[in-house]
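Spelled out, the chains give:
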Amino acid sequence: MISKALTIAGSDSGGGAGIQADLKTFQELSVYGMSVLTAVTAQNTLGVQGVYPVTLEAINQQLDSIGLDLQPDAVKTGMLFNSDIIRIVADKIKYYGWSNLVIDPVMVAKGGSTLLLQVAVQSLISHLLPLALVTTPNIPEAEMITKMTISTIEERKKAAKIIHGMGSKYVVLKGGHDTSTTAVTDLLYDGHEYTLLESSRIQTRHTHGTGCTYSAAVTAELAKGKSVAEAIQTAKAFIQAAIEDELGIGAGHGPTNHFAYQNRLRGINSATNEQ
Ligand SMILES: Nc1ncnc2c1ncn2[C@@H]1O[C@H](COP(=O)(O)OP(=O)(O)O)[C@@H](O)[C@H]1O
Ligand SMILES: Cc1ncc(COP(=O)(O)O)c(N)n1
């Protein structure tokens, strides 16, 4: 039977981040994708032009529609926007027993727009992090959650440990925002050991949706029954290929290439999408 994954997140009309990035990633990793929409954004590669939260009633109903018929093998959350949304999402996750849970604590879009109200950060900490199997903050998100300043690897380790202490069984503190080195280093903490996942930094402005795509790849692999360590390794390869084989779409920060990982496995040229 096919594995099924659910994303609970916002829509990006530009198709590079949010629900769209998640579903494309699920599909590329051969997992059946489902979605619960929390907000509609009017968005393109130049920025976010509008944010329209979905009503709580509509979110609740979508969660029940999935929970009562299509039990997902793994679930991820992305943009949740406010405390009320966080609370009902957390309640339903508990109610349906969705324990294979990846929390991408989306807060601010690359262009600076707010995707989670600052007053809702505490709700995320109190209601969602205790349910998480894996949490995938970037550096600014980890700073908001821990109220620390993070510049060194030691500070990253300390922050990952604090987030683990908030209830997330695994923490991946992503290193994309540290532009001080030629490498990009993600840090994994499982409560016992720290593992550094390093790759070369790709010089590009087309990184819109990297975090969404990465956490969706982790979720897809977990849905297939892979271990957290395996899922994280595949996700890193998926995002590295997606950034490297850039599509060059839009006048601003363009999307990553969701075809790239499979194209490489199938020997398809990513520039033309042909063999
Ligand atoms: N320029 C880059 N080159 C290679 N990998 C990158 C680059 N930017 C981000 N990544 C990777 O993409 C993923 C998302 O990273 P990050 O940018 O930190 O998160 P977010 O998109 O949530 O801000 C991480 O696995 C990170 O290592
Ligand atoms: C709907 C939605 N969800 C998440 C992101 C974050 O993506 P990024 O940090 O790459 O801008 C986004 N821009 N839009």
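This write-up is about the structure you can find in this document. (Residues numbered from 1 in each chain as written. Chains lettered and ligands numbered in written order. Predicted model: local features only at pLDDT ≥ 70, side-chain atom pairs only at ≥ 80, totals over all residues. Heavy atoms only, no water.)

**Some details on the pattern of salt bridges**
Oppositely charged side chains can pair when the atoms bearing their charge come close.
Alright, step 1. This structure, assessed with the given rule, holds 11 salt bridges.
Alright, step 2. Its salt-bridge partner being aspartate 64, residue lysine 92 comes within 3.0 Å of it at the nearest N-O pair. Of this pair, lysine 92 sits in helix 3 (residues 83-96) while aspartate 64 sits in helix 2 (residues 56-67); the two residues are 28 residues apart in sequence, bridging distant segments of the chain.
Alright, step 3. The salt bridge partner of arginine 264 is glutamate 244, with a shortest N-O separation of 2.7 Å. Taken together, the positions of arginine 264 in helix 9 (residues 260-266) and glutamate 244 in helix 8 (residues 228-244) put the pair 20 residues apart, joining distant regions of the chain.
Alright, step 4. For arginine 264, a relative accessible area of 42% corresponds to the partly exposed category.
Alright, step 5. A cluster of three or more residues bridged by salt bridges with shared partners is formed by Glu221, Lys224 and Lys226. (Salt bridge = Lys/Arg side-chain N within 4 Å of Asp/Glu carboxyl O. Helix = DSSP H or I, 4+ residues; strand = E, 2+ residues; numbered from the N terminus. Buried < 20%, exposed > 50% of the residue type's maximum accessible area, 1.4 Å probe, protein only.)

**Focus on the site of ligand 2**
Alright, step 1. Lining the immediate environment of ligand 2, one finds 15 residues, of which Gly10, Gln43, Lys110, Leu115 and Gly209 sit closest.
Alright, step 2. One of the side-chain N or O atoms of glutamine 43 is found 2.8 Å from a nitrogen atom in ligand 2.
Alright, step 3. The backbone of glycine 209 places a nitrogen or oxygen atom 2.6 Å from an oxygen atom of ligand 2.
Alright, step 4. The fraction of the free accessible surface of ligand 2 (360 Å²) that becomes covered by protein chains is 94%. (Near = heavy atom within 4 Å. Polar contact = N/O pair within 3.5 Å; in protein donor to acceptor, adjacent residues only side chain to side chain. Areas by Shrake-Rupley, 256 points an atom, 1.4 Å probe, with all protein chains shown as cover.)

**Some points on the nonpolar core**
Here is a general trend for soluble globular proteins: nonpolar side chains tend to be buried in one another's company.
Alright, step 1. Formed by 49 residues in total, the largest nonpolar core has its most connected members in Leu6, Ile8, Ile59, Val89, Ile93, Trp98 and Leu128.
Alright, step 2. Non-local contacts of isoleucine 59, meaning those with residues more than four positions away in its chain, are made with Val36, Leu37, Thr38, Val54, Ile85, Ile88 and Val89.
Alright, step 3. In this structure, Ala223, Val228, Phe238 and Ile239 belong to the second largest nonpolar core, which totals 29 residues. (Core = buried A, V, L, I, M, F, W, Y, C linked by side-chain atoms within 4.5 Å. Contact = heavy atoms within 4.5 Å.)

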